[in-house]
Number of protein chains: 4
Amino acid sequence: MCHKDHIRSFVISGKFRNPLRIERYDVTMNKPCIIFLIQCPDRKGLVSSISTFFYERGFNILSCQQYSDLENGMYFMRIKVALEDLPTTRRQLEDEFSDFGKPMGLIWSVHYSDRVQRMAVLVSKTSHCLYDLLLRWKENELDCDIPLIISNHLVLEEAAGQFRMPFYYLPVDQANRTDQEDSIRKLLKQHHIDLVVLARYMQILSPDFVKEYAGKVINIHHAFLPAFQGGNPYGRAYERGVKMIGATAHYATEDLDEGPIIEQDVERVNHECTSDQLKQIGRDVERIVLSRAVQAHLERRIIVTGRRTVIFSS
Amino acid sequence: MCHKDHIRSFVISGKFRNPLRIERYDVTMNKPCIIFLIQCPDRKGLVSSISTFFYERGFNILSCQQYSDLENGMYFMRIKVALEDLPTTRRQLEDEFSDFGKPMGLIWSVHYSDRVQRMAVLVSKTSHCLYDLLLRWKENELDCDIPLIISNHLVLEEAAGQFRMPFYYLPVDQANRTDQEDSIRKLLKQHHIDLVVLARYMQILSPDFVKEYAGKVINIHHAFLPAFQGGNPYGRAYERGVKMIGATAHYATEDLDEGPIIEQDVERVNHECTSDQLKQIGRDVERIVLSRAVQAHLERRIIVTGRRTVIFSS
Amino acid sequence: MCHKDHIRSFVISGKFRNPLRIERYDVTMNKPCIIFLIQCPDRKGLVSSISTFFYERGFNILSCQQYSDLENGMYFMRIKVALEDLPTTRRQLEDEFSDFGKPMGLIWSVHYSDRVQRMAVLVSKTSHCLYDLLLRWKENELDCDIPLIISNHLVLEEAAGQFRMPFYYLPVDQANRTDQEDSIRKLLKQHHIDLVVLARYMQILSPDFVKEYAGKVINIHHAFLPAFQGGNPYGRAYERGVKMIGATAHYATEDLDEGPIIEQDVERVNHECTSDQLKQIGRDVERIVLSRAVQAHLERRIIVTGRRTVIFSS
Amino acid sequence: MCHKDHIRSFVISGKFRNPLRIERYDVTMNKPCIIFLIQCPDRKGLVSSISTFFYERGFNILSCQQYSDLENGMYFMRIKVALEDLPTTRRQLEDEFSDFGKPMGLIWSVHYSDRVQRMAVLVSKTSHCLYDLLLRWKENELDCDIPLIISNHLVLEEAAGQFRMPFYYLPVDQANRTDQEDSIRKLLKQHHIDLVVLARYMQILSPDFVKEYAGKVINIHHAFLPAFQGGNPYGRAYERGVKMIGATAHYATEDLDEGPIIEQDVERVNHECTSDQLKQIGRDVERIVLSRAVQAHLERRIIVTGRRTVIFSS
């Protein structure tokens, strides 16, 4: 059951064009670029040989960030070069880098900034995280397309409509759980989704789903993990009498609330705060934390390593 | 076994006078005052009748802070009046207030600022919290006497000596656990201690001790409770890949790390932080959090209610 | 020149009803109340006599917050009583309180929570503060009506339309400056506006306007005042190489950026931040700071005293 | 006039050895290293050629941080290599790097971690910044020697004595200003001082002094610059009614309070804070900010460029 009639007109030839945000390509003053994210066992000569690989092909290195995890002997690099310097096809560059990296055991991915990422937002009834994402998208803080919003409730259809965003209503209950998730997956595939954001989507995704989209699903947990894992964190924070409340954005993994943490923040509270006020204060923390995590992901600044994340600065 | 020879000269007629800090009474510009901390079931007329009690006796109310916990129907008040206005003896005032409060079910305590509180600091090997307390004491931020520092190790004897503080070395092992705690208790009694601060004292106090000193023992836990309860919180924070680390000051209760929280704070960290750097950053959070909690207690700004604390602003 | 055709249908019988936000009165769980804001020279017996005034009339005091400014000998009180306890007419209560307060030199104002405040938002081209106010209004964090948005540009007409908010376009240039301000004033009067929020309105209001609406115009300055007063604060912050940027919400006064400060906050930045990134980070600070200030005003938690503000906690 | 008799015993053969801190070399688990700080006009191939320079000489690159200032076309690098890999003399390495860097217009400096830096602390009467530096030094957070503390007052002689630090008393008045500064300079030379920390030293240094020690004098200003430049910032912050107070650590330059900012932080305050309380809160901010700045300098993480600083992360 999909309510999407009102948005059909914006989906032209497989690509969603939202008239609310015509100016994006003008304001992004950054030149198109290629970003490599690399990790491998640490050893001598990595900076030199990797940067030389790009220099020899005539690339201007716009930025090159590294991190040597001395405790675990691992090396991480994010290297950003100008796309206009590309002397070959993209395929050829990738093949050459693949050959180059094999002896060093490089695990890597490559991202081209002119290929706009496609983000799906999953929501339930709570609007603040959705609105925050839509506003930042509209203000060009998030460099992506948002071809669809999916929800198991109708509450936020109007919010999506305010931003002329396609809204798909996929209700779920005990009986149709598997089918509903299949419908979600089908939509994500059909729209070539790169990133799924759980913006207070109050359903648990199956292990299969999470595995298929590993490193591509960002969740916001409304507590400062690992404190208050599980349900009703604000109520429990109130009862415990904490003096700060927080929020955590993390990649979804099979173990609920155990995925690699991308971003966290807190806000000071006091004994006068009722549970409701904790929730309001928490909403501000949640939206900021989720947006920062999504932005870091879209800007290809995150490398996941085990349960931890390396977040390069912007 | 007590190493206290070097301090004997400062203990004159039962009262400890530390020459390092002669100027306290001059710099505390606040006039002597009486503070009442009150809690009771909420009902009409409480502010009016309590403030009138003091007005009728000629008191100037220097400050009067209240909090109505509407969810639990409880009322809390901190009222501060000028000591110089006291028209009777202290005993008489207390008797009158007791008679006055009985019908309303007031639970209350009274504190006279000219009766300087006596604080004992318990430490093990880590110096940063101890130093912070001693410096703030020296700079007159903490209005108390510190007649003794107790430790199960000798490491910090020198730190105590730097500030000419009496240092008692009471080593502990499996065999003498009860005896050592008895020695501590004896010392606390002997020195008329009002407040015990566990400034990274790495021993667990017995339930009996904690019960006897209920609301009078402040502990610093080096994590943002309820996250990372128990041992080695920084190591576990590192492994979990959190993006902030914190500290929690709370009253000690029988259930370890479950006591009413007085103060918490956090500091941002990132993937580059080694466990050692987490510890360094954590030290700064710990000392600030512990000092704020101790200051709030000494200034009689805390009322404990169940597992929560009401902290009136300074 | 007013573009308001699209909103006419929502203005029914002089009162604006926005269908996007039907549920407000349900979710505000607080009982209707009366709030008195009081200031006067400090003296003995104020708490007692004022609280007794309300007690004698049968009021339940929901909260009573005070602050004695000992340096300047001034006393401030915010007292909140249940409206349902009102034994007389409002007028009668006010007359009685006026008689009561005269001998003590009370300066006071009274506010009834069932009289919803009416807020106008003035904007230019920047959307983030406007959106933030509209979203919080929609999520019932701001207890007010917003009968009109006024702008000297057309850019944000669509944003207003998304929330079905009346949008008045009043362009301004050197020649029509006085006329345009007159049009604004007429609109504010016509709509019985209580509070004017300058949500990045990039025009200077005349001294007459500011005087007429003293204590009723809140401005957001995009810097941590008194640093970077005047124009282009982010550019100047970039050049000065500061390590934090901030925002300040204050009441508008004749001297630009010199009005009483209501709220401030900052965010950490570093050398890698371009002017554009400073602006993005700044936007998040601005919207939070402005919203907190507006909320404090609407909740009647602010008393202005000279160049300073007393902000009672919520 | 120098009171240093009590410390003579610790100065052995020109090198100051403080017995309070014997364990430094054990706890610093980092291997000895060489750090190059480099800046030059940005151009293609910089990372590649510089890193190759070190790779060809057999160095293991422990970390390599860069920043391209695209707005000003400048490039900055901090590269850290293992000292044990040094295949030649230090002099030879420097000559080779000098020849290598000339064509690219590199401005650079080199630092060897086994050459412990020597820091002088200048103070007046206020103790909190001095104590903080001494404690961090004692806890091995600051990797330096502190061969002398200089003051124009005697107040802090005892604090220095607590840490067995040489204390030089050099009083100053209108008449002897030049002579006193000459005495300071002589002491700094005599003790081969690398870094001068003005830890609330309330005297203005002459332009000549500041020029001679350019980039080597760190000052703490007790306000969030550029707000409240000049004297009595807390008093003026109180009068302006700000809601946060801050501190700024910066390199000293001829124009007072205009030097390149290294670190800033703020703390929230409210209307209840008296000037005295602002000062207490400010002290905590000052000590944290100054210590972070000193640590960044000692770890060679700062490059000054015009009025701005590039601060590499630790």
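Residues numbered from 1 in each chain as written. Chains lettered and ligands numbered in written order. Predicted model: local features only at pLDDT ≥ 70, side-chain atom pairs only at ≥ 80, totals over all residues. Heavy atoms only, no water.

**Digging into the nonpolar core**
So, step 1. Within the largest apolar cluster, 78 residues are counted, with the highest numbers of intra-cluster contacts made by B:Met119, B:Val294, D:Met119 and D:Val294.
So, step 2. Residues A:Leu133, A:Leu195, C:Leu133 and C:Ile149 belong to the second largest nonpolar core, which totals 76 residues. (Core = buried A, V, L, I, M, F, W, Y, C linked by side-chain atoms within 4.5 Å. Buried < 20%, exposed > 50% of the residue type's maximum accessible area, 1.4 Å probe, protein only.)

**Considering the packing of aromatic side chains**
So, step 1. Taken as a whole, this structure holds 58 aromatic pairs over all chains when the rule is applied.
So, step 2. Judged by centre distance (5.8 Å) and plane angle (15°), the rings of A:Tyr67 and A:Phe76 are stacked. The two residues A:Tyr67 and A:Phe76 agree in class, both being buried.
So, step 3. Taking 5.5 Å as the distance between ring centres and 45° as the angle between the ring planes, the aromatic pair formed by C:Phe97 and C:Phe100 counts as tilted. One end of the pair, C:Phe97, and the other, C:Phe100, are both in helix α3 (residues 90-101), 3 residues apart, so they sit about a helical turn from each other.
So, step 4. Taken together, the aromatic side chains of A:Phe36, A:Phe53, A:Phe54, A:Phe59, A:Phe97, A:Phe100 and A:Trp108 make up a single cluster linked through ring pairs.
So, step 5. Positioned above the aromatic ring of D:Tyr112, the side-chain terminus of D:Arg90 is 4.6 Å from the ring centre. (Phe/Tyr/Trp six-rings, centres within 6.5 Å; stacked < 30°, edge-to-face > 60°. Helix = DSSP H or I, 4+ residues; strand = E, 2+ residues; numbered from the N terminus. Lys NZ or Arg CZ within 6 Å of the ring centre and 35° of its normal.)

**Thoughts on the pairing of strand β10 (residues 195-198) of chain A**
Residues and elements named next belong to chain A.
So, step 1. Burial along β10 is two-sided: the face carrying Leu195 and Val197 and the face carrying Val196 and Leu198 are both buried.
So, step 2. Where strand β7 (residues 117-123) lies against β10, 4 bridges are found, and the strand directions are parallel. Bridging across to β10, Val121 finds its partner in Val197.
So, step 3. Following the chain from β10 across helix α7 (residues 207-212) to the adjacent parallel strand β11 (residues 217-221), one finds a crossover that is right-handed. (Pairing = 2+ DSSP bridges. Right-handed = clockwise from strand over helix to strand, strands pointing away.)

**Here's the deal with the sheet that holds strand β3 (residues 33-41) of chain B**
Residue and element names in this part refer to chain B.
So, step 1. As summarised here, the arrangement of the 4 strands in space is β4-β5-β3-β6, forming an open sheet in which the pairing is antiparallel. The sheet is open, and its two borders are formed by β4 (61-69) and β6 (107-112), each paired with just one other strand. Strand-to-strand twist across the sheet, computed as the mean angle between neighbouring axes with direction ignored, equals 10°.
So, step 2. Pairing geometry for β3 and strand β5 (residues 74-82), over 9 bridges, is antiparallel. (Axes fitted to C-alpha atoms, helices over the stretch in contact; angles between N-to-C directions.)

**Some thoughts on the sheet that holds strand β12 (residues 244-251) of chain A**
All names here are of chain A.
So, step 1. In spatial order, the strands read β9-β8-β7-β10-β11-β12-β13; together these 7 strands make up an open sheet with mixed pairing. Sheet topology places β9 (167-169) and β13 (261-268) at the edges, where each strand pairs with a single neighbour. If you compare each strand with its neighbour and ignore which way they point, the axes differ by 20° on average.
So, step 2. Against the sheet, helix α4 (residues 128-138) contacts β7, β8 (144-151), β10 and β11, and its axis sits at roughly 160° relative to β8. (Contact = heavy atoms within 4.5 Å.)

**Quick look at the domain arrangement of chain A**
Residue and element names in this part refer to chain A.
So, step 1. If you check the domain split of chain A, you get domain 1 (33-112) and domain 2 (118-311).
So, step 2. Taken residue by residue, the interface counts 10 residues in domain 1 and 9 residues in domain 2.
So, step 3. A combined buried area of about 740 Å² lies between domain 1 and domain 2, and 63% of that area is made up of carbon and sulfur atoms.
So, step 4. The interface formed by domain 1 and domain 2 holds 0 salt bridges in total. (Domains from an automatic or database assignment. Buried area = accessible area lost by both parts, 1.4 Å probe. Salt bridge = Lys/Arg side-chain N within 4 Å of Asp/Glu carboxyl O.)

**Observations concerning the confidence of the model for chain A**
All names here are of chain A.
So, step 1. Per-residue confidence for chain A gives a mean pLDDT of 89, with 90% of residues at or over 70.
So, step 2. Low pLDDT, under 50, characterises residues 1-17; the stretch is placed with 32 contacts to residues that sit more than four places away or in other chains.
So, step 3. Considering only residues more than four positions removed or in separate chains, one finds that residues 22-29, a stretch of pLDDT under 50, has 12 contacts.
So, step 4. Scored by ipTM, the complex comes to 0.86, with pTM at 0.90. (pLDDT = per-residue confidence, 0-100.)

**Concerning the relation of the copies chain B and chain C**
So, step 1. Each copy of the sequence occupies a distinct position, and chain B is placed on chain C by a rotation of 180° and an axial shift of 0.0 Å, giving an RMSD of 0.0 Å. Put plainly, the chains are arranged around a two-fold axis. Taking C-alpha positions as the reference, the residue of chain B nearest the rotation axis is B:Ser48, at 2.7 Å.
So, step 2. A shared interface surface links the copies, since 100% of the contact residues of chain B are contact residues in chain C too. (Least-squares fit on C-alpha atoms with pLDDT ≥ 70 in both.)

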